[in-house]
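The lines below spell out each chain.
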Amino acid sequence: MRDVTTAQPLDVQPTPLALLLLGREADPRSERGVECPGDLPSPSDPDLVERARAAKEKLGEKVFVLGHHYQRDEVIQFADVTGDSFKLARDAAARPEAEYIVFCGVHFMAESADILTTDAQAVVLPDLAAGCSMADMATAEQVAECWDVLTEAGVADQVVPVSYMNSSADIKAFTGKHGGTICTSSNAKRALEWAFEQGEKILFLPDQHLGRNTAVRDMGLSLTDCVLYNPHKPNGGLTAEQLRDAKMILWRGHCSVHGRFSVESVEDVRARMPGVNVLVHPECKHEVVAAADYVGSTEYIIKALEAAPAGSKWAIGTELNLVRRLANRFAAEGKEIVFLDKTVCFCSTMNRIDLPHLVWTLESLAEGKLVNRIEVDPETEKYAKLALERMLALP
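The rules behind each value
- Residues numbered from 1 in each chain as written.
- Predicted model: local features only at pLDDT ≥ 70, side-chain atom pairs only at ≥ 80, totals over all residues.
- Heavy atoms only, no water.
- Axes fitted to C-alpha atoms, helices over the stretch in contact; angles between N-to-C directions.
- Helix = DSSP H or I, 4+ residues; strand = E, 2+ residues; numbered from the N terminus.
- Parallel < 35°, antiparallel > 145°, perpendicular 65-115°, else oblique.
- Left-handed = near helix turned anticlockwise from the far one by under 90°.
- Contact = heavy atoms within 4.5 Å.
- Nonpolar A, V, L, I, M, F, W, Y, C, P; charged D, E, K, R; others polar.
- Pairing = 2+ DSSP bridges.
- Buried < 20%, exposed > 50% of the residue type's maximum accessible area, 1.4 Å probe, protein only.
- Salt bridge = Lys/Arg side-chain N within 4 Å of Asp/Glu carboxyl O.

Peer 1: Explain the packing of helix 13 (residues 298–307) against helix 14 (residues 320–330) here, please?
Peer 2: Two quantities define a packed helix pair, namely the angle between the helix axes and the distance between the axes. For the pair helix 13 and helix 14, interaxial distance at closest approach is 11 Å and the crossing angle is 20°. In terms of orientation, helix 13 lies roughly parallel with respect to helix 14. In this structure, helix 13 crosses over helix 14, and the sense of that crossing is right-handed. Touching Thr298, Ile301, Ile302, Leu305 and Glu306 of helix 13 are Leu322, Leu326, Arg329 and Phe330, all from helix 14. Along the lines of polarity and charge, the residues of the contact of helix 13 with helix 14 split into 6 nonpolar, 1 polar and 2 charged.

Peer 1: Would you mind showing me how to read the sheet that holds strand 12 (residues 313–317) here?
Peer 2: Strand pairing in a sheet relies on backbone hydrogen bonds. The paired strands run either parallel or antiparallel. Spatially, the 4 strands line up as an open sheet ordered 11-10-12-13, and their pairing is parallel. Either end of the sheet is taken by a strand with one partner, and the two such strands are strand 11 (294–295) and strand 13 (336–339).

Peer 1: Please explain the environment of Trp194 as it appears in this structure.
Peer 2: Tracing the backbone through its elements, the reader meets Trp194 in helix 8 (residues 188–198). The class of Trp194 is buried, set by a relative accessible area of 18%. Here the alpha-carbon distance between Trp194 and Leu394, two residues 200 residues apart in the chain, equals 7.5 Å. Ignoring sequence-local partners within four residues, the contact set of Trp194 consists of Val160, Gly179, Gly180, Thr181, Arg390 and Leu394.

Peer 1: It is not clear to me how the pattern of salt bridges should be interpreted in this structure. Could you clarify?
Peer 2: Any two side chains of opposite charge can pair, given that their charged atoms come close. For the structure on display, the rule yields 15 salt bridges. Close ionic contact of Glu99 with Lys62 constitutes a salt bridge, the shortest N to O distance being 3.9 Å. You can see Glu99 sitting in the loop between helix 4 (85–93) and strand 3 (100–104) and its partner Lys62 sitting in the loop between helix 2 (48–59) and strand 1 (63–68), a full 37 residues away along the chain. A residue is classified by how much of its surface remains accessible, and Glu99, at 32% relative accessible area, is partly exposed. According to the relative accessible area criterion, Lys62 is partly exposed, its value standing at 38%. Measuring nitrogen to oxygen at the nearest pair gives 3.1 Å for the salt bridge that ties Arg217 to Asp218. Relative accessible area serves as the criterion here: at 33%, Asp218 is assigned to the partly exposed category.

In structure tokens form, the structure reads like this:
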């Protein structure tokens, strides 16, 4: 038997990823952030709401607060505008007089706002650890290696990259450099149609489900037209023949929230609520989208519920903060709105933006201290903006 008392300690060094997850190191080009550099007020402070209000009033028109739909209610109440990531970035660009743009969302959203606003404006993220696991599933190095694989297979000159808005500035810049465009969940079909006019194949980054659902459900392609590129396997786990035959090369990425919904969730809610309408986000798995009654972006979901008749029943497959807010909003109209899954599931990184972080941010800015600024370097910004402008020019 091995004597464990005398065994030498293993010489194991934590990987860079492990250090990032532990909060012990930082990668400014990653969605994974670091701990807040300041002293946060206590979450139990009964004056947090008043402190946030006072700091915001002191800043006046110098500050513009953006609130993503998935944010907590305690944060949303201080937002000047609410919306999805691209709408908020455009709202920020439309307010050049605001010196500070406080983005209550996640890292890639703040990057997009920095790209679209002026150099005189500072985009601030209340918690640098508010990232997006999907965006982190495609790094610049991995995508560059993928392009090398496509080149070696002899298909790169036929491929047009289309990147989802939920991607880092680096990925948006890669897309711009290689003649591609950005898309949102609302205009993905238009973006793919445009891309197929430019080339024979599409590299869709980083959400495989939005790419697959748009291609198959909305454009009539088959599942066999799609292949899945896994950046953690040699050559993406694909042969040159598979790449030559494919029309859609889907990146192996997904949303950790929308990926949780299953066909079983749909079947269960139909059994529990006869007559229910199942409405899901297109980031859900293909089989879930196929089993749903309606599919659409966050804005689509909100508008569908606004137009729904009184007394109707809805099961919504998207982030829980939004579903709960919509359920409360429409309860007086007799609309029954429930979360699609029995398991509670918030977006954990989006929820890092809480009232203590917002108070700390606003009070710091009110004292003249610029904190947690998100800046995209000029070269990256140039090509990322090019990709975004191509999206804005879509018919």
